[in-house]
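Structure at a glance
Here is how the chains run, residue by residue.
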Amino acid sequence: MADSRPLLFFDSGVGGLSVLAPTRALLPAAPLVYAADSAGFPYGTRSESEIAARVPALLGRLAERYKPRLIVIACNTASTIALAHVRAALDVPIVGTVPAIKPAAEVSQTRVIGVLGTQATVRQPYVDDLTARFAADCAVLRHGSAELVELAEAKLRGAPTDLAQYRAVLDGLLGQAGGDRIDVIVNACTHFPLVAEELAAAAPHPVRFVDGGPGIARRIAHLTVGQDWPSRPAPGIAVFTAAPNPALVPALARYGLDLIETL
């Protein structure tokens, strides 16, 4: 019989849809559960201790309810802080999301890279380690923005956003000393690829944006190679820890998430 266990994607909000989408393209028959910790949103302004305690507990409850074959922590903040805690707590394969500094360094011509994430992500030692391992010959500038997370959420709800807001966010990165030489920006929050077009339009000079979504999708496909899938895709499930904004429903449906539940 076909294996109906889903892939479970987890984020504080809708940002993880930027990881779910390329995964769905690679594995169209995979059952999908997307979990948003809307009661804890946003993670980027929370303390490390809060996230380290909250994420494993929530994923334990989600794993018990949905019996996933694999869990994707589709959130850079949660991954850089809580990934080890989750792996220690759950007997399920766990895929994390970390800033795409390695691919950025591989394509940068100026050797000046920007890392755009949440405040919590950009201050993590994990980012220092990635920089030392994969971009030691680059200047790596960082900027944390809670506003950009809110802009991505607003866009998914169909609310208008102002290009000036994106310019102001980018100025926090490109306005730093040496920022005018940045040619690649790492979208180190899964929300940010959702507004990649707006960011590109707001940039004062040509910049390439990279994120980990496609690479994570390939990793998921590799880890599940040879596994059975249902003969036809089941309706995807979006589960929230607090009642979701009804304006999100059309956007969730575009990502194949037709059923809405609360935890």
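Heads up: these notes are all about the structure in this document.

Rules behind the numbers
- Residues numbered from 1 in each chain as written.
- Predicted model: local features only at pLDDT ≥ 70, side-chain atom pairs only at ≥ 80, totals over all residues.
- Heavy atoms only, no water.
- Axes fitted to C-alpha atoms, helices over the stretch in contact; angles between N-to-C directions.
- Helix = DSSP H or I, 4+ residues; strand = E, 2+ residues; numbered from the N terminus.
- Parallel < 35°, antiparallel > 145°, perpendicular 65-115°, else oblique.
- Left-handed = near helix turned anticlockwise from the far one by under 90°.
- Contact = heavy atoms within 4.5 Å.
- Nonpolar A, V, L, I, M, F, W, Y, C, P; charged D, E, K, R; others polar.
- Buried < 20%, exposed > 50% of the residue type's maximum accessible area, 1.4 Å probe, protein only.
- Pairing = 2+ DSSP bridges.
- Right-handed = clockwise from strand over helix to strand, strands pointing away.
- 1 Å grid on protein atoms, 1.4 Å probe; cavity = no way out; pocket = protein on both sides within 12 Å on 5 of 7 lines; lining within 4 Å.
- Points joined across faces, edges and corners; volume = space filled by probe spheres on them.

With their axes 8 Å apart at the nearest point, helix H1 (residues 17–26) and helix H10 (residues 213–223) run at an angle of 45° to one another. As summarised for this structure, H1 and H10 are arranged oblique, according to the angle between their axes. You can see that H1 and H10 cross each other, and the crossing is right-handed. Residues Ser18, Val19, Pro22, Thr23 and Leu26 of H1 form the contact with H10, whose own contacting residues are Gly213, Pro214, Ile216, Ala217, Arg218, Ile220 and Ala221. Looking at the contact of H1 with H10 residue by residue, the classes come out as 8 nonpolar, 3 polar and 1 charged.

Across the 5 residues of strand S9 (residues 236–240), 5 count as buried, placing the element largely inside the fold. Side chains Gly236, Ala238 and Phe240 of S9 all project onto a buried face; the interleaved residues Ile237 and Val239 project onto the opposite face, where all are buried too. By the bridge criterion, 5 bridges tie S9 to strand S10 (residues 257–262) in an arrangement that is parallel. Residue pairing across strands places alanine 238 opposite isoleucine 260, the latter belonging to S10. A crossover connection joins S9 to the parallel S10 through helix H11 (residues 249–254); in handedness this β-α-β unit is right-handed.

Next up on the list: the layout of surface pockets. Here the largest pocket is characterised by a volume of approximately 620 Å³. Lining the largest pocket are 22 residues; nearest its centre among them are Gly96, Val98, Gly212, Gly215 and Ile216. Examining the composition of the lining of the largest pocket, we find that 5 residues originate from one element, H10, more than from any other. Split into classes, the residues belonging to the lining of the largest pocket amount to 12 nonpolar, 4 polar and 6 charged.

Here we come to the sheet that holds strand S6 (residues 139–144). Taken together, the 4 strands give an open sheet; going across it, the order is S6-S5-S7-S8, and neighbouring strands pair in parallel fashion. A single partner strand is all that each edge strand has here, and the edge strands are S6 and strand S8 (208–210). Adjacent strand axes in the sheet meet at a mean angle of 25° when their direction is disregarded. Of the pairings in the sheet, the one linking strand S5 (residues 112–117) to strand S7 (residues 184–187) comprises 4 bridges and is parallel in character. Within S7, the residue paired with valine 115 across the bridge is valine 186.

Everything listed here is a matter of geometry and, on its own, says nothing about what the molecule does.
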